[in-house]
Structures are given as C-alpha cells and as structure tokens.
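Residue strings, one per chain:
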Amino acid sequence: MPKDWYEWHDLYNTEPKLQQRLEIVREYIAYSLNASPDGAIRIVSVCAGDGRDLLGTLQNHPRAKDVSARLVEINSNLVERGRATIESLGLAKQIEFINGDATLATNYVGAVPADIAIACGVLGHVAEKIELNRLINNLSFLSKKGAFFIWTRGHSDSISYSDNVRKILSASGFEEVNFKLTATGNMAVGIHRYLGENLPQPKEQQLFVFSGIPSKAR
Ligand SMILES: C[S@@+](CC[C@H](N)C(=O)[O-])C[C@H]1O[C@@H](n2cnc3c(N)ncnc32)[C@H](O)[C@@H]1O
C-alpha cells in the first residue's frame with residue numbers, strides 16, 4: 001500500500017491498469033494538440049502528480065513549442081520531479097509547476113481559460129455526486145469555449161462509475177470526443193469538448209474538494 005502520493009506513483013512501474021491509462025491519456029493529449037488551431041495552446045493540469053502524462057506527450061510532439069502550461073500539485077516531491085523533467089526537456093520557459101492546492105481557483109489565475117484541461121486520477125477522489133457536479137460545473141472557469149477536457153475514472157465492484165461522469169458532462173455543456181476503457185477493463189479515460197462559454201470569474205473559490213487517500217486510490 002503506498003503511504004503517500006509520491007509512493008503511489010511507483011505503481012506506474014507495475015500496474016497494467018495505470019500503464020494503460022497513461023497510454024490513453026497521452027493519446028488524447030496528442031489528439032488535442034493536433035486538433036488545436038495554429039498558435040498558442042494553453043493547458044492546465046489539475047492534481048498533476050509528476051506531470052508524466054503531459055510531459056511525456058510533449059517530449060516528442062511537434063506542437064510542444066506552442067504550449068504554455070500550468071500544472072498544479074500539492075506534493076512537493078512530485079513537483080520537484082516534474083520540474084526536473086521540464087528542465088530536461090528544455091520547456092522551463094513554457095511550463096510552470098505550481099506546488100499548491102489544485103482545488104483553489106486562485107492557483108489558475110493567469111493560466112486560464114485553457115485550450116486543454118486535464119484531470120486524471122481526480123474524479124474518483126471527489127466525494128459523491130454533488131462534489132463531482134461541483135467540479136464539472138467549475139470547469140467553465142478553467143476552459144475556453146471549445147476546450148478539450150481529458151479525464152479518468154476507475155471502476156470497482158463491477159460499478160461503472162464513468163457512466164455518471166459522462167452523464168454529468170453531457171448535462172453540463174460537454175460533448176464526448178472519445179471514450180475508452182483500459183484493456184484491464186476497470187479504468188475509463190474520456191475526452192470531451194466544452195461547448196459552453198468561459199466564465200472569466202470562478203463561481204466559487206473552492207472548485208472542488210479532493211478527499212482521496214493514496215492507499216485507496218482508484
Ligand atoms: C491519483 S494521483 C494522480 C496524479 C496524476 N494526475 C496522474 O494521473 O498520474 C492524485 C494526485 O492528486 C494530488 N493532490 C491531492 N490533493 C491535492 C490538492 N488539494 N491539490 C493539488 N494536488 C492534490 C496528489 O498529491 C496526487 O499526486
């Protein structure tokens with residue numbers, strides 16, 4: 001059992017579910033970059049971990065030079081590792097890794113509205129439907145009209161938790177672009193497009209509450 005979120009990231013070395021999830025997330029990030037019009041592409045990543053999904057994609061993507069991104073993560077060791085990767089890729093002028101609370105609107109000021117918003121390993125850690133609704137509603141602050149939203153949601157005990165995510169997204173002005181389950185069958189990865197208007201000011205400062213713990217990560 002991982003004791004913290006830094007240790008949780010070691011599971012990427014051994015767990016097919018996480019490895020397959022990462023592969024699909026990177027595929028969707030690359031798709032969003034390819035589909036973005038010429039010019040600057042703004043990206044935000046919520047609870048970014050060490051940023052391996054975005055940074056691993058930018059490593060050899062032709063649109064990397066157009067990207068400016070802000071990754072928000074609370075674990076300082078993960079931020080340190082992410083920053084080292086950014087340095088090694090020569091992307092330090094374009095990508096900032098904030099060591100802070102991703103649930104607070106203030107940590108996105110200056111980086112939004114984004115063309116691509118990423119929330120991977122997050123939706124399973126907001127308590128119940130009301131909090132999920134709140135997070136998805138607040139995406140209108142993070143996202144431009146037409147922005148891509150890339151997300152993941154684990155399944156467990158034969159419950160297809162992603163059904164609810166898709167339902168709420170669809171009721172909140174998002175159109176599904178693609179959806180896949182990992183080959184392991186218990187992890188969903190989706191990419192949606194936000195069709196609504198951007199909200200220049202957040203409806204509330206607290207965008208959502210993250211209540212997950214690493215030993216029970218889904
Ligand atoms: C399941 S991991 C997912 C990490 C990464 N997005 C990925 O998919 O590899 C959840 C992450 O959320 C981070 N986290 C938890 N609460 C947070 C908060 N309030 N603000 C920012 N990050 C937070 C944890 O430290 C952890 O890295």
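In this numbering scheme, every chain counts its residues from 1 along its sequence in written order. The predicted origin of the model limits local features to residues at a pLDDT of at least 70 and limits the giving and counting of side-chain atom pairs to 80 or more, whereas totals for whole chains, interfaces and linings rest on all residues. To obtain the side-chain values, all non-hydrogen atoms of the structure were used and water was disregarded.

**What to know about empty space enclosed by the protein**
And step 1. Throughout, the protein atoms alone are placed on a 1 Å grid, and a set of points is a cavity if a 1.4 Å probe fits but cannot get out or a pocket if it is open with protein on both sides within 12 Å along at least five of seven lines; lining residues have an atom within 4 Å of a point. Grid points are joined across faces, edges and corners, and a volume is the space filled by probe spheres set on the points. Across all of its chains, the model carries 2 cavities of 30 Å³ or more by this definition.
And step 2. Each pocket or cavity is described by its volume, and for the largest cavity that value is around 50 Å³.
And step 3. Taken together, V46, A102, Y108, L135, N138, L139, L142, L207 and F208 make up the lining of the largest cavity.
And step 4. Partitioned by chemical class, the residues of the lining of the largest cavity number 8 nonpolar, 1 polar and no charged. In the scheme used here, Gly and all other residues not listed as nonpolar or charged are polar, with Ala, Val, Leu, Ile, Met, Phe, Trp, Tyr, Cys and Pro taken as nonpolar and Asp, Glu, Lys and Arg as charged.

**Some points on the sheet that holds strand β6 (residues 174–181)**
And step 1. Paired strands, in this sense, are two strands between which DSSP finds at least two bridges. Per the convention used, a helix needs a DSSP run of H or I reaching at least four residues, while a strand needs a run of E reaching at least two, with both numbered from the N terminus. If you walk across this open sheet you meet the 7 strands as β3-β2-β1-β4-β5-β7-β6, and the pairing is mixed. Every other strand in the sheet has two partners, leaving β3 (95–99) and β6 as the edge strands with one partner each. Shown here is a sheet whose adjacent strand axes are inclined to one another by a mean of 15°, direction ignored.
And step 2. Of the strand pairs in this sheet, strand β1 (residues 41–46) and strand β4 (residues 114–119) are connected by 3 bridges, and their pairing is parallel. Paired with V44 across the two strands is A117, which belongs to β4.
And step 3. This element, helix α5 (residues 128–142), spans β1, β4, β5 (143–154), β6 and β7 (187–194) of the sheet and lies at about 145° to β5. Only the stretch in contact is used when a helix axis is fitted, and all axes are lines through C-alpha atoms; the angle between N-to-C directions ranges over 0 to 180 degrees. Any pair of residues with heavy atoms lying within 4.5 Å of one another is described as a contacting pair.

**Considerations on the nonpolar core**
And step 1. By size, the foremost hydrophobic cluster in this structure holds 31 residues, and its most contacted members are Y108, L142 and F149.
And step 2. Secondary structure elements with two or more residues in this core: β1, β4, α5, β5, α6 (161–171), β6 and β7.
And step 3. For Y108, the contacting residues outside a window of four places in its chain are V44, V46, R70, V72, A102, F141, L142 and L207.
And step 4. Throughout, nonpolar core names a set of buried Ala, Val, Leu, Ile, Met, Phe, Trp, Tyr and Cys residues whose side chains join them through atoms within 4.5 Å. Relative accessibility decides the category of a residue: with a 1.4 Å probe and only protein chains considered, values under 20% of the type maximum give buried, values over 50% give exposed, and everything between is partly exposed. Within the second largest apolar cluster, 27 residues are counted, among which are Y28, C120, I150 and I191.

**Digging into helix α4 (residues 76–89)**
And step 1. The end-to-end C-alpha separation of α4 is 20 Å, in line with the 20 Å expected for 14 residues at 1.5 Å each.
And step 2. Those residues of α4 that sit buried are L78, V79, G82 and I86. Axial view of α4: buried residues confined to an arc of 100°, hence all on one face. Across from the buried face of α4, at angles greater than 90 degrees, the exposed residues are E80, E87 and S88.
And step 3. Contacts made by the buried residues of α4 are with α1 (5–8), α3 (52–58), β2 (67–73) and β3.
And step 4. You can read the cap of α4 off the contacts: a side-chain oxygen lies 2.9 Å from the backbone nitrogen of N77, and it is on N75.
And step 5. Where α4 ends, the next residue or the one after it, G90, has phi of about 70°, a positive value. A helix is expected to span 1.5 Å for every residue after the first. For this quantity, the arc is that covered by the directions from the helix axis to the C-beta atoms. For this analysis, a polar contact is any N or O atom pair within 3.5 Å, provided that within protein one partner can donate a hydrogen and the other can accept it, and provided that sequence-adjacent residues contribute only side-chain to side-chain pairs.

**Comments concerning unusual backbone geometry**
And step 1. The linkage connecting V112 with the following residue, P113, adopts the cis geometry, with an omega of 5°.
And step 2. As for its position among the elements, P113 is in the loop between β3 and β4.
And step 3. The residue D157 is not glycine, and still its phi comes out positive at about 50°.
And step 4. Relative to the helices and strands, D157 is located in the loop between β5 and α6.
And step 5. Classification of D157 by relative accessible area gives exposed; the value is 69%.
And step 6. The backbone of S158 sits at a positive phi, close to 60°, despite the residue not being glycine.
And step 7. As for its position among the elements, S158 is in the loop between β5 and α6.

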